[in-house]
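# An overview of the molecular structure
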Amino acid sequence: MHGSHRRHRGRTKREYRAKPGTVPGAITVDPNAARPLIRVFGFGPTAYTEQEVTDLGCLEQFLETWPVTWVNVDGLGDAEVIHRIGAIFDLHGLALEDVTGVHQRPKVEHYDNNIFIVARMLQPGNRFDTEQLSIFLGHRFVLTFQETPGDCLDFIRDRIRKGLGRVRACGSDYLAYAILDAVVDAYFPPLEAFGEELEVLEDEILLKPTKQSVARVHVLKRNTLAIRRAIWPLREAVNGMLRDATPLISDDTRVYLRDCYDHTVQIIDFLENHREIASGLMDIYLSSTGNRLNEIMKVLTIISTIFIPLTFIAGVYGMNFHTDISPWNMPELTWYWGYPFFWLFNTAIAAAMLYYFWRLGWILTSWTRPPEDPRRHSNENKDNP
Amino acid sequence: MHGSHRRHRGRTKREYRAKPGTVPGAITVDPNAARPLIRVFGFGPTAYTEQEVTDLGCLEQFLETWPVTWVNVDGLGDAEVIHRIGAIFDLHGLALEDVTGVHQRPKVEHYDNNIFIVARMLQPGNRFDTEQLSIFLGHRFVLTFQETPGDCLDFIRDRIRKGLGRVRACGSDYLAYAILDAVVDAYFPPLEAFGEELEVLEDEILLKPTKQSVARVHVLKRNTLAIRRAIWPLREAVNGMLRDATPLISDDTRVYLRDCYDHTVQIIDFLENHREIASGLMDIYLSSTGNRLNEIMKVLTIISTIFIPLTFIAGVYGMNFHTDISPWNMPELTWYWGYPFFWLFNTAIAAAMLYYFWRLGWILTSWTRPPEDPRRHSNENKDNP
Amino acid sequence: MHGSHRRHRGRTKREYRAKPGTVPGAITVDPNAARPLIRVFGFGPTAYTEQEVTDLGCLEQFLETWPVTWVNVDGLGDAEVIHRIGAIFDLHGLALEDVTGVHQRPKVEHYDNNIFIVARMLQPGNRFDTEQLSIFLGHRFVLTFQETPGDCLDFIRDRIRKGLGRVRACGSDYLAYAILDAVVDAYFPPLEAFGEELEVLEDEILLKPTKQSVARVHVLKRNTLAIRRAIWPLREAVNGMLRDATPLISDDTRVYLRDCYDHTVQIIDFLENHREIASGLMDIYLSSTGNRLNEIMKVLTIISTIFIPLTFIAGVYGMNFHTDISPWNMPELTWYWGYPFFWLFNTAIAAAMLYYFWRLGWILTSWTRPPEDPRRHSNENKDNP
Amino acid sequence: MHGSHRRHRGRTKREYRAKPGTVPGAITVDPNAARPLIRVFGFGPTAYTEQEVTDLGCLEQFLETWPVTWVNVDGLGDAEVIHRIGAIFDLHGLALEDVTGVHQRPKVEHYDNNIFIVARMLQPGNRFDTEQLSIFLGHRFVLTFQETPGDCLDFIRDRIRKGLGRVRACGSDYLAYAILDAVVDAYFPPLEAFGEELEVLEDEILLKPTKQSVARVHVLKRNTLAIRRAIWPLREAVNGMLRDATPLISDDTRVYLRDCYDHTVQIIDFLENHREIASGLMDIYLSSTGNRLNEIMKVLTIISTIFIPLTFIAGVYGMNFHTDISPWNMPELTWYWGYPFFWLFNTAIAAAMLYYFWRLGWILTSWTRPPEDPRRHSNENKDNP
Amino acid sequence: MHGSHRRHRGRTKREYRAKPGTVPGAITVDPNAARPLIRVFGFGPTAYTEQEVTDLGCLEQFLETWPVTWVNVDGLGDAEVIHRIGAIFDLHGLALEDVTGVHQRPKVEHYDNNIFIVARMLQPGNRFDTEQLSIFLGHRFVLTFQETPGDCLDFIRDRIRKGLGRVRACGSDYLAYAILDAVVDAYFPPLEAFGEELEVLEDEILLKPTKQSVARVHVLKRNTLAIRRAIWPLREAVNGMLRDATPLISDDTRVYLRDCYDHTVQIIDFLENHREIASGLMDIYLSSTGNRLNEIMKVLTIISTIFIPLTFIAGVYGMNFHTDISPWNMPELTWYWGYPFFWLFNTAIAAAMLYYFWRLGWILTSWTRPPEDPRRHSNENKDNP
């Protein structure tokens, strides 16, 4: 039931490790995963070639021919293919297990002759679902494994094809950096969208809060949390690449990695900021709920307390005491000005009540006026600090 | 009273250290604990034997014969047996005390010739009660002590029997890793169940909150806390095994331990995530309580404020002022169109009130419509970021 | 006024340092403190003696005769006695000042020839008031100073007398460890009591919250805080003894101290756990307050909105419009079936209202049923995960 | 829509990195940015010159002539200019990219022959919007890049012109310090204004809370957050300059940088303080909302419960039971003193009700008295501690 | 306006740095500051002299004559005096700037030949306003600068005069320690007063919460915050003095400084404790607001729901249906026992209602009984743990 539930909502991807008790290092493949599509780039400062590969045997030839070989695998549905690539590039079994177990935290692991990087990449056109991108950085090659086709790396492919920037001139470490940088930079647009939605929600909650606002703040917070879980360990991973002495990453590339690290820190900054503002909005919503209740109750109380005594008085003069038995029995009913006096008396009571409520500040306050922008006060102050 | 209370609820296991003042290093046995059941595996790359042991003397023979001996003790009810095993494998008194004092935090302690690991293992089919698993890792042996029969290690026994994976080929350190890994992996299914329950609760609280929801969130948070107390120190313990230089753990196995460490970090990640979402749900529930109160009060206020003035007017014309005494006494009662005019007047008042409430936005708002899914707005945005 | 207030409540002990400006290192004695009672143990592996001392001169003889001398001082009311003991055992003035200034945080200070340990000991039969226990650990002696007679060290005295455990065979460092361990272990029973009270409160707040529950949660949190202030720095202190290289503590004893350190960590674990659960209970209580208000208001609103229109209609037909003046003036009053029709009409209105409230879910909901155990849902899930 | 929204509000500047996928190290210029205005200072202990530069070629001459050259660029709208300055002073491409990508976190980066500092500078007359100030500190030069004309550095220009202070006598490192110090000190006046607004808000919320107060507290918290995001990493950056051994900063200047570091710590102190007080105010506002509701409900309850029974009694005597049929049918209506007795009875009921409410403490409490200053109690205590 | 506001409230001292852009190292004097009063102590183990100084020239003579010279400056209104003292004792310009800029965070700075300590001293008889105390510790001298006369150092002066304690026998470092210790110890009495006020507030909020309680908790929290801002960096500063190797502080004095450090830690402990309890009280107050609202609404609901049906029935029998037209028109009015039956019926309805409310637990609950002490339950438990 839960499975179908989640499917038609499409809210959360299954992220947990599937079966406890599987042999460590075994490559287990999700039977629903897509068949792998393998695209290889080979390039050097002056030339490049690009090829869709079906026979894995040609990969070794790429490795010999080109200064840098980039093998990109889209779809993890064939354990055999992944196993053979692992053999060709001499990858560790545990790393290969993590490639197909698409539930990893971002991390960097140093093996003898390569660095294994796990990152989580936002799917294009999606604001918070991530797919796992596994990167192997070796001496003359970069391998990338994705769960599904479609990614944010087309900029890099274009730059390789057109020879833009430094990517063709530098080694495999610069390519790995460029991929990581593209992954990190792809988090900025949804963050910007979150920030804008937060501003809209802020306006809404300060001026005209509705029940929907709270739920939207909650969804925003949860999505922020999801991005945070993807980017926080990535920051640690990039930092690890910066700090650890490995011959696979040149000093030149380290300068660029520092830039990439700065971007992750910036994203975390924004996330924390969003979270604090969202928490504050929740408090304001709660206070506004209380305010609205106060105003509803004021309306009820004013109307009730004005009319209840009047109704009582009208009730009194509806009583059937026999006026003819004694002069003490409801003589008002027989007065000449009795009825006008009744109205005079009632009007006086109502006026006294209204005056009392007005002095308490309950009348002529905010619920009759259109809501005012509460930030105006602050903005005025801003002009003459 | 508390004891029986707890027993029929079955909620919390007694976890505290029993009697202050017992001699340090003394093995104290819970008189209700099960009698020990001892099962020994001896194996090497090519062969294995498996035996239920009653005479402890044969353990030494195992140690001599097999490259790796795994002694598993189910049930801690016999101090003599534990004492004798301690003597055979040369274990420290304090460690043996911790084996029977089944209330330990997960930890790793390095003794001269063995490593003592305490972990907390989820009982199969149970989502948050843990039992203590004590592991001794020596040069050619692994000892495990459990409180009750039934564990999550059958995968490993099968792999030993069938020679699957690397467990037969590697030493005792790999076996200890495999056991730890199985313990850690057993936390994923209940975590997944928690996550699913959290999603159900999220739907429930956003769309149709009830009093039960809060209690269920609380229970979920408490269970999350219980798992956190088991897994957080385990992370530290595994990290300690990774960092400390000990000849008992080979570099090959360290690579696997790093994988196990990653899993503990992942579990903590999920737990923190669950906790934040659960806290947010609590806030939303509180706000929804306020919203429902507002809507109840709106109903009351609208009905009351419409009818209270009308009732007053009806009361006025029920008064018994003598219309024959003066022309000022309730002349309306004697008008030809008096009664129709009364209804006209009342209808006008009611209409004015309704218009006023409609302008305030109190009418035709959410309480008459079915509740709407508040996430729709966000999902729409998602499509065109 | 405040003083007497506190005295008849007996809630908080005065803990602050008394007079700013006293000379550092001066021994200032609380005039109300008890007179010291000095009891000395001298023991070695094979023999022991025990004596209540009035003449301090004999202490030096103990030091010479016995491998380990344990001087316990109950009551800090005589500066002269403390001064002389300080002279005999060569103690630093600042340490002696701390002995009588019974307001210290737990700490460990290393002096040239002894280690000064301050711990806070729970008074037996008391769940959160602590007294200061000052311990000096020297080469062949241990000194302990307590504020009042009665402590949790009788176990150790018995072990010395009966030669149980290792205490007679080991040196003064093991005795100091045993004392610290007894102090730490004495925190477990009140913690267990807290945990049980928390479970009772949890039941109470989830099922039938009262105003008293909140206050009891608050008192529990405050007491937890008090224990935390005693045990948190003690953990640091024990850790300091573990880490610092001092010849006064042997490596054998360090292993035991590590065990003691584990216990302090375990206590802090429980405290944090208690605190989180208590905070959660507070939230649930707040939400239950809102729920009860909602239910009260539902009752009021249903009764009011049903009867207010009916009362209005009854009022209408109580009006005295003259039915004889025109056929338009309240003709209903003269109908043959007028009164039955009135009841029919009213019943229809009431039924419509009830139907409306039933559709809103306000009727036949929880306030008529006995409250249900909200944890049942979770427990059911537990059986088939 | 969002863009225009933000523009007419003028609330938030766009801060996010613009286009993912741009080549790293490429200088991308905001097409709306102002054209650069370049002003150069050259000075030594005894002389100075100041010049607005259009031909960048003269900068090299400045470098040769003067001990210190300060190039200030206002406006980042011309990539060519920035590129050429980068070539003249030998700046790294990534640093130049950060200069025009005006969305950086404050940071310090050490390049081979210069230090690159990013700070965020408050625009004069603005309390929380910051612009990016990029500073390059080289051996004999300081470069500063700002987004818009107008800054808080005129004090320094004056001191150079008039030879005040040490700025002329010291090297480029002191100038860079002076600029940083001016940027940091410019945060104090708005912080002071925040503190004063917080005091006003505190008075308001404690004595006479309105809906506006909450929104103003929220705006203040958000602005505090904005400043915190600018100043927190700046503290780290200044600390980095203090700690890192670089020949570009002399020990003398380090002493001054320590002072600047102290100022950033002080600002963070104030910010944290503001934040805690603001959070506390939010809690008080929530509690005051509840209090006001209580008082509104008290008014309603008192009036209702007094008049509802009275109205019932008046209704009773308005019934038309035929008094002539039986002596049991409403004999009160025919009593001689019936009507006066009715009033007596009603007055007694009302008095009993009022007495009951008075004993509950609902009458003659705070809502009839002007609100009292709650701090008076504390201030009185202050005089006799 | 704000200035006058603050002045007549006397709540907050202006603490911010005055003018951004002043030359670093320049001594700027508050024109309203008091004129300096300089008092010099010269002392050695056997003798001392004390003198009020107007001619600064004699200070050098003091330095030559006495082992320790203590110059205390009360009032910072004369830049010239401070400048000359700086010249005599060879003080750094930045340190002198901090002396007059009386807004510093507590800190310790090591200069070549002296240590500059900034502390914040509680003004005697004031619970939370602090003044800046600047201390220079040199080889044979201690300088102290205060904002206003009156301090907590008279104990030290007395000890110097009477030769009490170690102050005369030790060097300038012990004097500096004694001053710091006096400053720290002066925080204990107001903390004790806070703790007592917190207990009073706790009683008040648990038993009889008023609106004033919240404000007083808030003021207490703010004052706690103020002390925390003074003492937290002081702890760091004292710790710095302990750790840094400087020949100006002897090892003997370091032992005493450790004691002073312990006191700062103890103060922070109390502050954190106060803060947690105060936060808890706020929660309880909020819950009590909800409880009171519930009880108010119960009163209203009970009275309303009992009388509303009764009033309706009375209204029915007040209707004027013509009983003579048909036997179906209100025959009850003509029954012999009609009126008594009406009362019987009404009493039955009211009784049923009351029984219903009693079963809901709304009647005979807490609002009629005096509030009970909620801590009684806990205290009872205490006796039999």
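So, a few notes on the structure that sits alongside this text.

Parameters and conventions
Once a new chain begins, its residue numbering starts again from 1 and follows that chain's sequence as written. Chains carry letters from A onward and ligands carry numbers from 1 onward, assigned in written order. Residue-level local features of this predicted model are given only where pLDDT is at least 70; pairs of side-chain atoms are given and counted only at 80 or more, and the full residue set underlies all totals for whole chains, interfaces and linings. We superpose the copies by least squares over the C-alpha atoms of residues that have a pLDDT of at least 70 in both of them. Contacts here follow a simple rule: the backbone-placed C-beta atoms of the two residues must lie within 7 Å. Secondary structure is summarised from DSSP: a helix means a run of H or I of at least four residues, a strand means a run of E of at least two, and numbering begins at the N terminus for each. Each residue gets one of three labels, nonpolar for Ala, Val, Leu, Ile, Met, Phe, Trp, Tyr, Cys and Pro, charged for Asp, Glu, Lys and Arg, and polar for the others, Gly among them. One bridge is not enough; two strands pair if DSSP finds at least two bridges between them. The axes are straight lines fitted to the C-alpha atoms, using for helices just the contacting stretch, and the angles between their N-to-C directions are given from 0 to 180°. Angle categories: roughly parallel below 35 degrees, roughly antiparallel above 145, roughly perpendicular from 65 to 115, and oblique for all the rest. To assign burial, the other C-beta atoms lying within 10 Å of each residue's own C-beta are counted, with C-beta atoms placed from the backbone; 20 or more indicates buried, 12 or fewer indicates exposed, and intermediate counts indicate partly exposed.

Next up on the list: the relation of the copies chain E and chain D. Superposition of chain E onto chain D requires a rotation of 72° combined with a translation of 0.1 Å along the rotation axis, giving an RMSD of 0.1 Å. Expressed as a symmetry operation, the mapping of one chain copy onto the other fits a five-fold axis. For chain E, the residue whose C-alpha comes nearest the rotation axis is G318 of chain E, separated from it by 4.5 Å. The residues that chain E uses at the interface reappear at the interface of chain D in only 19% of cases, marking distinct surfaces.

Once that is clear, we can look at the relation of the copies chain C and chain E. The transformation that overlays chain C on chain E combines an axial shift of 0.0 Å with a rotation of 72°, and the residual RMSD is 0.1 Å. Interface residue correspondence from chain C to chain E reaches only 19%, placing this contact among heterologous pairings that use different surfaces.

Attention now moves to the interface of chain E and chain D. Each side of the interface is counted separately: chain E has 58 residues, and chain D has 66 residues. For the side of chain E that touches chain D, the elements supplying multiple residues, two or more each, are α7 (188-207), α8 (211-243), α9 (251-317) and α10 (338-359) of chain E. Top contributing element to the side of chain E that touches chain D by residue count: α9 of chain E, with 19 residues. In terms of residue class, the side of chain E that touches chain D is built from 31 nonpolar, 16 polar and 11 charged.

Residues and elements named next belong to chain B. Sheet topology note: the strand β1 (residues 37-43)/strand β2 (residues 48-53) ladder contains six bridges and is antiparallel. Bridge pairing in β2 places R39 opposite E52. Between the antiparallel neighbours β1 and β2 lie four residues.

Moving on: the sheet that holds strand β3 (residues 68-74) of chain E. Residues and elements named next belong to chain E. The strand order across the open sheet formed by seven strands is β2-β1-β3-β7-β6-β5-β4, and the pairing between neighbours is mixed. The sheet terminates laterally at β2 (48-53) and β4 (107-110), the two strands that pair on one side only. Across the sheet, the mean angle from the axis of one strand to that of its neighbour is 15°, orientation sign disregarded. As defined by bridge partners, strand β5 (residues 114-122) adjoins strand β6 (residues 130-138) across nine bridges and the pair is classed as antiparallel. In the strand pairing of β6, M121 is matched with E131. Lying on the sheet, helix α2 (residues 58-65) is in contact with β1 (37-43), β2, β3 and β7 (141-146); it crosses β1 at an angle near 20°.

Pairing between sheet strands relies on hydrogen bonds along the backbone, with the strands arranged either parallel or antiparallel. Residues and elements named next belong to chain A. Reading across from one edge, β2-β1-β3-β7-β6-β5-β4 is the order of the seven strands in this open sheet, with mixed pairing throughout. Each edge of the sheet is formed by a strand with only one pairing partner; in this case those strands are β2 (48-53) and β4 (107-110). Pairwise comparison of adjacent strand axes, ignoring direction, gives a mean angle of 15° for this sheet. Against the sheet, helix α2 (residues 58-65) engages β1 (37-43), β2, β3 (68-74) and β7 (141-146), with an angle of about 20° to β1. Against the sheet, helix α8 (residues 211-243) makes contact with β4, β5 (115-122) and β6 (130-137), and its axis sits at roughly 30° relative to β4, the strand it touches most.

A few words on the packing of helix α9 (residues 251-316) of chain D against α8 of chain E. Any two packed helices are characterised by the angle at which their axes cross and by the distance between the axes. Closest axis-to-axis distance for the α9 of chain D/α8 of chain E pair is 10 Å, and the angle between their directions is 175°. By the angle between their axes, α9 of chain D is roughly antiparallel relative to α8 of chain E. Each of D269, N273, E276, I277, G280, I284, S287 and N291 of chain D in α9 of chain D lies in contact with α8 of chain E, whose residues at this interface are K211, V214, H218, K221, R222, L225 and R229 of chain E. Here the residues of the contact of α9 of chain D with α8 of chain E sort into four nonpolar, five polar and six charged.

Next up on the list: unusual backbone geometry. Residues and elements named next belong to chain B. Within the chain, D90 stands out as a residue other than glycine whose phi angle is a positive 60°. Secondary-structure assignment places D90 in the loop between α3 (79-89) and α4 (93-100). Judged by the 12 C-beta atoms lying within 10 Å of it, D90 is exposed.

Shape descriptors only; they carry no functional weight alone.
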